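# An overview of the molecular structure
What follows is each chain in one-letter form.
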There are 2 protein chains.
Amino acid sequence: MDREYASSLLEGAVTELSRLPGIGRKTALRLALHLLRRDENEAVSLGEAIIKMRREVTYCRCCHNISETDMCGICADGRRDHSTVCVVENVKDVICFERTGQYDGVYHVLGGLISPLDGVGPEQLEIDSLIERVATGEVREIILALSATMEGDTTNFYIFRRLGTLPVKVTQLARGVSVGNEIEYTDEITLGRSLLNRTDFAI
Amino acid sequence: MDREYASSLLEGAVTELSRLPGIGRKTALRLALHLLRRDENEAVSLGEAIIKMRREVTYCRCCHNISETDMCGICADGRRDHSTVCVVENVKDVICFERTGQYDGVYHVLGGLISPLDGVGPEQLEIDSLIERVATGEVREIILALSATMEGDTTNFYIFRRLGTLPVKVTQLARGVSVGNEIEYTDEITLGRSLLNRTDFAI
């Protein structure tokens, strides 16, 4: 291996890069050679940004979103509606909802979905902390915003049961035809749901 | 932007990662979140491997392949045939030829191909140093092993002309049907060349 790459340093960088998801040794080599051709600063800032991010990013103690402080910017924002909590699978989903510009409540990041096949049980997710948050009485509505998959449905159902008789309204995202999608290519379960949950026509 | 990612450190890492070729902001975010989920050591070794590689890898003064020392392992290897020089476009091509296990000569890495459209002229490539190497009289054969593209052909022709009357044999890679390829799907120029350069049948 060492011989193959003419340099154990190159070999080392390729090995580390190829640990990343979706990056094989061939792509890793391409990336490493790209970095070798570019200015030294470029490689150094990439390396340092990765190390700094991993060392200093922490998680919000309230919603478990990534944060640089004990409490994230969204949870610390007094202008947001703290009585509405949108339950999402991961950090990426928070970014997706923030991009819509349609939501002014707060979040709760589970850190995954219940998936017995992948060995993920409820105890590995931030479900206990969600129940505690609701039990304080400050939350009026929980929006279950998980993926429309079997794992998402299972997790929704589990959370719903755990909430038990706590006085909180539980809602979920509307299911229906995606904006821009053609009827012809929409699956029948989605179409069925979109008929069932039809809304008044508005322009 | 800062707001969008909930952390300027995450934002910084995403920006740096998305500078890499073939990696957009979406993939960069996926990679960064992967690193956040994994052990801290993993991110630190990735970052350090990149920085160390870029800072310490240098180029062989003889063949311009990457190296950790003034002269690369191949050029310093006394068991290799130093009178045969394989001229390649880049470092990756050296790795490709080494993998064949069929070559015991040395290399000369041009660092690119002549490409007027991309603004790459002969003076930006290691062509002068190749001519100097041949002029020492120690090289008996030059193998032009550039890609079978217009840029490769142009560079081959330029080198051939520059070599002028220097007493060196100039060869090029055989052109023909790729091993494993079907005749039906081989282009007519390759087929024509493979007819013209047919070799004695051997088993």
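Residues numbered from 1 in each chain as written. Chains lettered and ligands numbered in written order. Predicted model: local features only at pLDDT ≥ 70, side-chain atom pairs only at ≥ 80, totals over all residues. Heavy atoms only, no water.

## Let's talk about unusual backbone geometry
Residues and elements named next belong to chain A. Look at His-64: it is not a glycine, yet its phi comes out positive at around 70°. Note on placement: His-64 falls in the loop between strand 1 (58-59) and strand 2 (66-67). Taking the relative accessible area as the measure of exposure, His-64 reaches 16% and is therefore buried. (Helix = DSSP H or I, 4+ residues; strand = E, 2+ residues; numbered from the N terminus. Buried < 20%, exposed > 50% of the residue type's maximum accessible area, 1.4 Å probe, protein only.)

## Considerations on the sheet that holds strand 4 (residues 105-109) of chain B
All names here are of chain B. Ordered in space as 4-3-5-6, the 4 strands form an open sheet in which the pairing is parallel. At either margin of the open sheet sits one strand with a lone partner, and together these are strand 4 and strand 6 (169-172). Averaged over neighbouring strand pairs, the angle between their axes works out to 25° when direction is ignored. Taken together, the 5 bridges between strand 3 (residues 81-88) and strand 4 define a ladder with parallel strand orientation. Paired with Val-87 across the two strands is His-108, which belongs to strand 4. In this fold helix 5 (residues 91-100) packs onto strand 3 and strand 4, with an angle of close to 160° to the strand it touches most, strand 4. Here helix 7 (residues 150-163) sits on the sheet in contact with strand 3, strand 5 (141-144) and strand 6, set at roughly 175° to strand 6. (Pairing = 2+ DSSP bridges. Axes fitted to C-alpha atoms, helices over the stretch in contact; angles between N-to-C directions. Contact = heavy atoms within 4.5 Å.)

## Comments concerning the relation of the copies chain B and chain A
What relates the two chain copies is a rotation about an axis together with a slide along it. Structural alignment of chain B on chain A gives an RMSD of 0.1 Å, achieved by rotating through 180° and translating 0.0 Å along the axis. What the superposition gives is, in effect, a two-fold axis relating one chain to the other. Of every C-alpha in chain B, the one belonging to Gly-47 of chain B sits nearest the axis of rotation, 1.9 Å from it. Comparing contact sets, 100% of the residues at the interface of chain B also lie at the interface in chain A, consistent with an isologous, same-surface contact. (Least-squares fit on C-alpha atoms with pLDDT ≥ 70 in both.)

## Remarks on the pattern of salt bridges
Enumeration over the complete set of coordinates arrives at 18 salt bridges over all chains. Here Arg-61 of chain A and Asp-70 of chain A are joined by a salt bridge, their closest N and O atoms 2.5 Å apart. With relative accessibility at 48%, the residue Asp-70 of chain A sits in the partly exposed group. We note a salt bridge from Arg-79 of chain B to Asp-77 of chain B, for which the minimum N-O separation is 3.2 Å. (Salt bridge = Lys/Arg side-chain N within 4 Å of Asp/Glu carboxyl O.)

## Section: the side chain of Asn-65 of chain A
Residue placement: Asn-65 of chain A occurs in the loop between strand 1 and strand 2. Residues within four places of Asn-65 of chain A in sequence aside, it is in contact with Thr-58, Tyr-59, Cys-60, Ile-74, Val-91, Val-94 and Val-109 of chain A together with Ala-6 of chain B.

## A closer look at the interface of chain B and chain A
Contact with chain B, which involves 54 residues of that partner, is made by 54 residues of chain A. Across the contact surface, chain B and chain A share 2 salt bridges. Among the ionic pairs, Arg-55 of chain A bridges to Glu-40 of chain B, the shortest N-O distance being 3.3 Å. Our count for the contact surface shared by chain B and chain A stands at 12 residue pairs in polar contact (both at pLDDT 80 or more). Contributions of two or more residues to the side of chain B that touches chain A are made by helix 1 (2-5), helix 2 (8-17), helix 3 (25-37), helix 4 (40-56), strand 2 (66-67) and helix 5 of chain B. (Polar contact = N/O pair within 3.5 Å; in protein donor to acceptor, adjacent residues only side chain to side chain.)

## As for the packing of helix 4 (residues 40-56) of chain A against helix 4 of chain B
Contact geometry of helix 4 of chain A with helix 4 of chain B gives a least axis separation of 8 Å together with a crossing angle of 165°. In terms of orientation, helix 4 of chain A and helix 4 of chain B fall into the roughly antiparallel class. Relative to helix 4 of chain B, helix 4 of chain A is oriented so that their crossing is left-handed. Across the interface between the two elements, Glu-40, Ala-43, Val-44, Leu-46, Gly-47, Glu-48, Ile-50, Ile-51, Arg-54 and Arg-55 of chain A of helix 4 of chain A pack against Glu-40, Ala-43, Val-44, Leu-46, Gly-47, Glu-48, Ile-50, Ile-51, Arg-54 and Arg-55 of chain B of helix 4 of chain B. Each residue belonging to the contact of helix 4 of chain A with helix 4 of chain B can be placed in one class, and the counts come to 10 nonpolar, 2 polar and 8 charged. (Parallel < 35°, antiparallel > 145°, perpendicular 65-115°, else oblique. Left-handed = near helix turned anticlockwise from the far one by under 90°. Nonpolar A, V, L, I, M, F, W, Y, C, P; charged D, E, K, R; others polar.)

## Some remarks on the layout of surface pockets
Quantified by volume, the largest pocket comes out at close to 570 Å³. Residue lining of the largest pocket: 23 residues in total, with Arg-37 of chain A together with Glu-89, Asn-90, Gly-111 and Gly-112 of chain B positioned closest to the centre. Elements with a contribution of two residues or more to the lining of the largest pocket: helix 3 (25-37) of chain A together with helix 5 of chain B. If one sorts the elements of the lining of the largest pocket by residue count, helix 3 of chain A sits on top with 4 residues. (1 Å grid on protein atoms, 1.4 Å probe; cavity = no way out; pocket = protein on both sides within 12 Å on 5 of 7 lines; lining within 4 Å. Points joined across faces, edges and corners; volume = space filled by probe spheres on them.)

## So, helix 5 (residues 91-100) of chain A
All names here are of chain A. Residues of helix 5 that are buried: Val-91, Val-94, Ile-95 and Glu-98. Seen along its axis, helix 5 keeps its buried residues to an arc of 100°; they face one direction. Residue Asn-90 occupies the N-cap position of helix 5, its side-chain oxygen lying 3.1 Å from the main-chain nitrogen of Lys-92. (Arc of directions from axis to C-beta.)

## Some points on helix 4 of chain A
Over its 17 residues, helix 4 of chain A extends 24 Å from the first C-alpha to the last, a length consistent with the 24 Å expected when each residue adds 1.5 Å. All of the buried residues in helix 4 of chain A are Glu-42, Ala-43, Val-44, Leu-46, Gly-47, Ala-49, Ile-50, Ile-51, Met-53 and Arg-54 of chain A. Residues of helix 4 of chain A that are buried in the fold lie against helix 3 of chain A together with helix 2, helix 3 and helix 4 of chain B. (Expected span 1.5 Å × (residues − 1).)

## Digging into the confidence of the model for chain A
The predicted coordinates ought not to be read in detail in places where the model reports low pLDDT. Scored by pLDDT, chain A has a mean of 90; 97% of the residues are at 70 or more. Predicted complex, confidence summary: ipTM 0.76, pTM 0.75. (pLDDT = per-residue confidence, 0-100.)

## With respect to the nonpolar core
If you look at the biggest cluster of nonpolar residues, it comprises 48 residues, and the most contacted ones within it are Leu-10 and Met-53 of chain A together with Leu-10 and Met-53 of chain B. Once you skip the residues sitting within four places of it in the chain, Leu-10 of chain B turns out to touch Met-53, Val-57 and Ile-66 of chain A together with Tyr-5, Leu-29, Ala-32, Leu-33 and Leu-36 of chain B. Counting 32 residues, the second-largest nonpolar core is a separate cluster that includes Cys-72, Val-94, Ile-127 and Val-168 of chain B. (Core = buried A, V, L, I, M, F, W, Y, C linked by side-chain atoms within 4.5 Å.)

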